[in-house]
Each structure stands twice: as structure tokens, then as C-alpha cells.
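Structural features, examined
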Amino acid sequence: QVHLVESGGRLVQAGESLRLSCIASGRALSYYEMAWFRQPPGKEREFVARISRLDTRTDYADSVKGRFTISRDNAENTLYLQMNSLKPEDTAVYSCAADSYRSTYYQPGSWNYWGQGTQVTVSS
């Protein structure tokens, strides 16, 4: 099994950038597909981005495409989410997730391992 811990969330102003990290312990990160999800206030958890085990493929939600970049460093057991041009609607708790590949990767129920989340707040 893998244990995930996110960090990097904070209050920023619209237009600023932020990088989130997700550190894995237990089983090596390289065994897993990885993803970022977010849960805005009062809303359901939603898919943000995912990256394949060997960093050969990434997918993004339309709402973040061109602004966010997911990456991983398997040697450091760390997943990243670089967020640029942040908007107030990006305000949410961001969580990383790990599991084997599934075609329904955009659904939260397709992931078994989750971090506790980190709060990102974007002020206008």
C-alpha cells in the first residue's frame, strides 16, 4: 500500500501561480498511476489531471488545460501540480490519488488511495 501526503496549498491572488506536492511513502510511487482531484466548497470532488506510471501520458480537465501541469519524480516519490494563472473558481481542497490504470480515471471512485488534501484559496 501507499500513503500520500499533500502540501503547498495556501491563499493566493488571482493570476498567481502555486505548486502542490504529494509525497508517497510505503510502496514506491512508480507502481502507480497518479492523479489530482479537487473539491470546491459545497460541490462534488472533480477530476483535475492524471499522469501515467512512467510519465508518458497526461490528461487534464478542460477547466485547467493550458494552465495546470501534472508531473512526477519517481526517484523522489513525489507528484506535483503546477498551477498557473489561478482563478477564484480554482478554490478547492486538492487531493492526490494513486492506483492502477483504469479507463474511468476521471471518476473519484476509480482510485483507492488518497491523501488528506490541501486547501487552495484564490482571491479575486
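This text gives an overview of the structure that appears in the document. Quantities reported herein were computed from a predicted structural model and do not represent experimental measurements.

A few points about the overall build of the protein chain
Counting secondary structure elements, the protein chain contains zero helices and 11 strands. Secondary structure of the protein chain in N-to-C order comes out as β-β-β-β-β-β-β-β-β-β-β. Over its C-alpha trace the protein chain gives a radius of gyration of 13 Å, about what one expects of a compact globule, namely 14 Å for 124 residues. Here the C-alpha coordinates of the protein chain stretch approximately 40 × 25 × 25 Å along the principal axes. Buried residues in the protein chain amount to 44% of all 124 residues. A separation threshold of at least 6 residues defines the contact pool for the protein chain, and within that pool the share at least 24 residues apart is 58%. Carbon and sulfur atoms make up 44% of the accessible area of the protein chain, which amounts to about 6300 Å² in all. The positive charge centre, built from 14 side chains, and the negative charge centre, built from 13, are 2 Å apart in the protein chain.

Points about the environment of Gln119
Within the secondary structure, Gln119 sits in strand E11 (residues 118-123). Through-space distance from the C-alpha of Gln119 to that of Ala92 is 6.1 Å; in sequence the pair is 27 residues apart. Once residues lying within four places of it in the same chain are set aside, the contact partners of Gln119 are Gly9, Arg10, Thr91, Ala92 and Val93. At 3.4 Å, the side chain of Gln119 forms a polar contact with the backbone oxygen of Ala92. A polar side-chain atom of Gln119 sits 3.3 Å from a polar atom in the side chain of Thr121.

Concerning the nonpolar core
Counting residues in each nonpolar core, the largest one holds 35 residues, and the members touching the most others are Met34, Trp36, Leu81, Met83 and Tyr94. With five residues, strand E9 (residues 92-99) is the single largest residue contributor to this core.

Describing the packing of aromatic side chains
Each pair of aromatic rings is reported with the distance of its centres and the angle of its planes. Scanning the entire structure with this criterion turns up six aromatic pairs. On the numbers, 5.7 Å between centres and 75° between planes, the contact of Phe37 with Phe47 is edge-to-face. With Phe37 in strand E4 (residues 33-39) and Phe47 in strand E5 (residues 46-51), this residue pair connects regions lying 10 residues apart in the sequence. In terms of burial, Phe37 and Phe47 fall into one category: buried. Members of the aromatic cluster, each reached through a chain of ring pairs, are Phe37, Phe47, Tyr105, Tyr106, Trp111 and Trp114. For Arg27, the ring lying beneath its charged end belongs to Tyr31, and the centroid distance is 4.0 Å. The ring centre of Trp114 lies 4.0 Å from the NZ or CZ of Arg45, which sits over that ring.

Thresholds, definitions, all that
Residues numbered from 1 in each chain as written. Predicted model: local features only at pLDDT ≥ 70, side-chain atom pairs only at ≥ 80, totals over all residues. Heavy atoms only, no water. Helix = DSSP H or I, 4+ residues; strand = E, 2+ residues; numbered from the N terminus. Rg over C-alpha atoms; globule rule 2.2 N^0.38 Å. Buried < 20%, exposed > 50% of the residue type's maximum accessible area, 1.4 Å probe, protein only. Contact = heavy atoms within 4.5 Å. Areas by Shrake-Rupley, 256 points an atom, 1.4 Å probe, with all protein chains shown as cover. Lys, Arg positive; Asp, Glu negative; His and termini not counted. Charge placed at Lys NZ, Arg CZ, Asp CG, Glu CD. Polar contact = N/O pair within 3.5 Å; in protein donor to acceptor, adjacent residues only side chain to side chain. Core = buried A, V, L, I, M, F, W, Y, C linked by side-chain atoms within 4.5 Å. Phe/Tyr/Trp six-rings, centres within 6.5 Å; stacked < 30°, edge-to-face > 60°. Lys NZ or Arg CZ within 6 Å of the ring centre and 35° of its normal.

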